Amino acid sequence: MLIAIDGPAASGKGTLGKRIAGHLGLAHLDTGLLYRAVGAACLAIGKLDDEAASVAAAHALDVSTLDPETLRTGEIGEAASVVAARPEVRAALIDLQRRFAARPEGAVLDGRDIGTVICPDATVKLFVTATPEVRAERRYKELSARDPFASYEAVLADIHKRDARDSNRAAAPLLKADDAVLLDTSALGIEESFAAALAIVERAR
Ligand code: C5P
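Bear in mind that the values here come from a model prediction, so they are computed numbers and not experimental data.

## Overview of the layout of surface pockets
Approximately 1,200 Å³ is the volume found for the largest pocket. For the largest pocket, the lining is made up of 50 residues, of which Ala10, Arg36, Arg72, Arg139 and Glu142 are closest to its centre. Of the residues in the lining of the largest pocket, the class split is 15 nonpolar, 16 polar and 19 charged.

## Comments concerning the UniProt feature "binding site: ATP" (unreviewed entry) in the chain
Taken from the UniProt record, the annotation "binding site: ATP" (unreviewed entry) applies to Gly7, Pro8, Ala9, Ala10, Ser11, Gly12, Lys13, Gly14 and Thr15. Residues from the named set that contribute to the lining of the largest pocket are Ala9, Ala10, Ser11, Gly12, Lys13, Gly14 and Thr15. In contact with alanine 9, other than residues within four places in its own chain, are Arg112, Arg135, Ile159, Arg162 and Asp163. Tracing the sequence through the fold places serine 11 in the loop between strand S1 (2–6) and helix H1 (13–24). By relative accessible area, which is 1% here, serine 11 ends up buried. When neighbours within four sequence positions are excluded, serine 11 is seen to be in contact with Val128, Thr129, Arg135, Arg138 and Thr185.

## Overview of the packing of H1 against helix H10 (residues 190–204)
Where H1 meets H10, the closest approach of the two axes is 10 Å, and the angle between their N-to-C directions is 55 degrees. Relative to H10, H1 is oriented oblique. In this structure, the crossing between H1 and H10 has a hand that is right-handed. The residues of H10 that touch H1, namely those facing Thr15, Leu16, Arg19, Ile20, His23 and Leu24, are Ile190, Glu191, Ser193, Phe194, Ala197, Leu198, Val201 and Glu202. When grouped by side-chain class, the residues that make up the contact of H1 with H10 number eight nonpolar, three polar and three charged.

## As for the site of the ligand
Among the 15 residues in the neighbourhood of the ligand, the closest are listed as Arg36, Arg90, Arg162, Asp166 and Arg169. Here aspartate 166 contributes a side-chain N or O atom positioned 2.6 Å from an oxygen atom of the ligand. Within the side chain of arginine 169, one N or O atom sits 2.8 Å away from an oxygen atom of the ligand. A total of 460 Å² of accessible area belongs to the ligand in isolation, and the protein chains cover 97% of it. The pocket occupied by the ligand, as judged from atoms lying within 2 Å of grid points, is the largest pocket. Those elements giving two or more residues to the shell around the ligand turn out to be helix H2 (32–44), helix H5 (74–83) and helix H9 (152–168). With three residues, H2 is the single largest residue contributor to the shell around the ligand. Split into classes, the residues belonging to the shell around the ligand amount to three nonpolar, four polar and eight charged.

## Here's the deal with the packing of aromatic side chains
Enumeration according to the criterion identifies one aromatic pair in this entry. Ring centres of tyrosine 140 and tyrosine 152 lie 6.3 Å apart, and the angle between their planes is 90 degrees; this geometry places the pair in the edge-to-face category. Within this pair, whereas tyrosine 140 is found in helix H8 (residues 132–144), its partner tyrosine 152 is found in helix H9, the two being separated by twelve residues in sequence. For arginine 103, the ring lying beneath its charged end belongs to phenylalanine 100, and the centroid distance is 4.2 Å.

## Topic: the confidence of the model for the chain
On average, residues of the chain carry a pLDDT of 96, and 100% of them reach 70 or more. Across the assembled chains, the prediction reports ipTM 0.99 with pTM 0.96.

## Section: the nonpolar core
The biggest cluster of nonpolar side chains holds 35 residues, and the ones touching the most others in it are Leu93, Leu109 and Cys119. Counting residues per element, the ones that place at least two in this core are S1, strand S2 (27–30), H2, helix H3 (51–59), H5, helix H6 (87–101), strand S3 (107–111) and helix H7 (114–118). Tallying contributions element by element places H2 first for this core, with seven residues. Counting 17 residues, the second-largest nonpolar core is a separate cluster that includes Val108, Leu126, Ala197 and Leu198.

## What to know about the side chain of aspartate 30
Tracing the chain through its elements places aspartate 30 in strand S2. In terms of polar contacts, aspartate 30 uses its side chain to reach the backbone amide nitrogen of glycine 32, at 3.0 Å. Of note is the side chain of aspartate 30, whose polar atom sits 2.9 Å from the side chain of arginine 72.

Criteria and cut-off values
- Residues numbered from 1 in each chain as written.
- Predicted model: local features only at pLDDT ≥ 70, side-chain atom pairs only at ≥ 80, totals over all residues.
- Heavy atoms only, no water.
- 1 Å grid on protein atoms, 1.4 Å probe; cavity = no way out; pocket = protein on both sides within 12 Å on 5 of 7 lines; lining within 4 Å.
- Points joined across faces, edges and corners; volume = space filled by probe spheres on them.
- Nonpolar A, V, L, I, M, F, W, Y, C, P; charged D, E, K, R; others polar.
- UniProt positions renumbered as here; feature names shortened; annotations may be inferred.
- Contact = heavy atoms within 4.5 Å.
- Helix = DSSP H or I, 4+ residues; strand = E, 2+ residues; numbered from the N terminus.
- Buried < 20%, exposed > 50% of the residue type's maximum accessible area, 1.4 Å probe, protein only.
- Axes fitted to C-alpha atoms, helices over the stretch in contact; angles between N-to-C directions.
- Parallel < 35°, antiparallel > 145°, perpendicular 65-115°, else oblique.
- Left-handed = near helix turned anticlockwise from the far one by under 90°.
- Near = heavy atom within 4 Å.
- Polar contact = N/O pair within 3.5 Å; in protein donor to acceptor, adjacent residues only side chain to side chain.
- Areas by Shrake-Rupley, 256 points an atom, 1.4 Å probe, with all protein chains shown as cover.
- Sits in = over half its atoms within 2 Å of the grid points.
- Phe/Tyr/Trp six-rings, centres within 6.5 Å; stacked < 30°, edge-to-face > 60°.
- Lys NZ or Arg CZ within 6 Å of the ring centre and 35° of its normal.
- pLDDT = per-residue confidence, 0-100.
- Core = buried A, V, L, I, M, F, W, Y, C linked by side-chain atoms within 4.5 Å.

This is the structure we're talking about:
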């Protein structure tokens, strides 16, 4: 049972991936964290514009040290989408993702190119989306709990920018696989989204 979940920034694919994996007793990989770790490593040494440095960071990536808490910031998301547009960075991260996906019992992976590039033979492919405004609202709520200066407008602008970069890049752009099921969560709460996603997964079993 290999489940591929793709979608734009803040679409809820990570939350759904985690819930589905927990429900089915499968391991879950949020592949955005890999690109975030590479982006963060480049930011830390002031070399976000240096392609070779980002490729080296991708090769040196140690998945056991990924810390979602520190990696899920707007600045690191932006850096992640810069390094993720580089084909050599993507190539350096393919094996790791495919090895994760090859677990005998199956797995859940979420990202931008799981159904199209990483796991084209997945049992089920979900493409989770929501309008940019709904996604910004969700991300803003999350952020403002930690940061009193968070701004909805800034979050929305960031989402538009990241959508454009992720969709228009030449290397593995954000794309719904032909055989992926579209799940628009704009009008759904988390429980309804989970129920809808689970129904799609159960149908494919
Ligand atoms: O999903 P998340 O917002 O954590 O991803 C951060 C960035 O990493 C995305 O904007 C995208 O550019 C990149 N990414 C990717 N391919 C994936 C997962 C994430 O290009 N499979």
